[in-house]
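As a plain string of letters, each chain reads:
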Amino acid sequence: MLPTYPAILRDGKLDWGDGPPPLPPGDVPVYVTLLVPVPTTNGGPAMAAALEALAAAGGPSGFSEPDEWQREVRAERPLPGRDE
């Protein structure tokens, strides 16, 4: 297993706290894992605009009427373990 050292990423630089671990000279490739969630952008306004554009265009095409679709989905079908 590779050694792991705690640090804090502050203003784009690693703060090693008590001092850096022993490092070889020169550039050292590293992987950084953030242990706190990264805030996400709010896509609500963009989603609302997309839905408004879809509604203005007449809605999605290729779908049957909602009541017909519901009747098809809820059609009577044999229940497991019942012979009728």
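Above this text sits the structure in question.
The rules we used
- Residues numbered from 1 in each chain as written.
- Predicted model: local features only at pLDDT ≥ 70, side-chain atom pairs only at ≥ 80, totals over all residues.
- Heavy atoms only, no water.
- Helix = DSSP H or I, 4+ residues; strand = E, 2+ residues; numbered from the N terminus.
- Rg over C-alpha atoms; globule rule 2.2 N^0.38 Å.
- Buried < 20%, exposed > 50% of the residue type's maximum accessible area, 1.4 Å probe, protein only.
- Areas by Shrake-Rupley, 256 points an atom, 1.4 Å probe, with all protein chains shown as cover.
- Lys, Arg positive; Asp, Glu negative; His and termini not counted.
- Charge placed at Lys NZ, Arg CZ, Asp CG, Glu CD.
- Salt bridge = Lys/Arg side-chain N within 4 Å of Asp/Glu carboxyl O.
- Expected span 1.5 Å × (residues − 1).

(A) Main features of the overall build of the protein. Helix and strand content of the protein: two helices and two strands. Counting helices and strands in the order they occur from the N terminus, the protein gives β-β-α-α. What you see for the protein is a C-alpha radius of gyration of 29 Å, clearly larger than the 12 Å of a compact globule of 84 residues, by over 25%. Viewed in the frame of its principal axes, the protein has a C-alpha envelope of about 75 × 45 × 20 Å. Taking all 84 residues of the protein together, 1% fall into the buried category. Accessible area of the protein: about 8,600 Å², with a carbon and sulfur share of 60%. Taking the average location of the 6 positive side-chain charges in the protein and that of its 12 negative ones, the two points are 4 Å from each other.

(B) Examining the pattern of salt bridges more closely. Applying the stated criterion across every chain, the model contains two salt bridges. Put simply, D15 and R10 hold a salt bridge, and the shortest N to O gap is 2.2 Å. Look at D15 and you get partly exposed, because its relative accessible area is 30%. A salt bridge links R71 to D67; the shortest N-O distance between them is 3.7 Å. On the criterion of helical spacing, the pair formed by R71 and D67 is a turn pair, its members being four residues apart in helix α2 (residues 66–73).

(C) How the structure looks around unusual backbone geometry. In this structure, D11 takes a positive phi of about 55° despite not being glycine. By the secondary structure assignment, D11 is in the loop between β1 (8–10) and β2 (13–15). Residue class for D11 comes out exposed when judged on its relative accessible area of 77%.

(D) Quick peek at helix α1 (residues 44–56). A rise of 1.5 Å per residue sets the reference length of α1, with its 13 residues, at 18 Å; its end C-alpha atoms lie 18 Å apart and thus fit the reference within 8%. Downstream of α1 by one or two residues, G58 has phi in the positive range, about 100°.

(E) Structural detail: the environment of D18. Positionally, D18 belongs in the loop between β2 and α1. Judged by relative accessible area, which is 87%, D18 ranks as exposed. For the pair D18 and A7, spaced 11 residues apart in the sequence, the C-alpha separation amounts to 9.4 Å.

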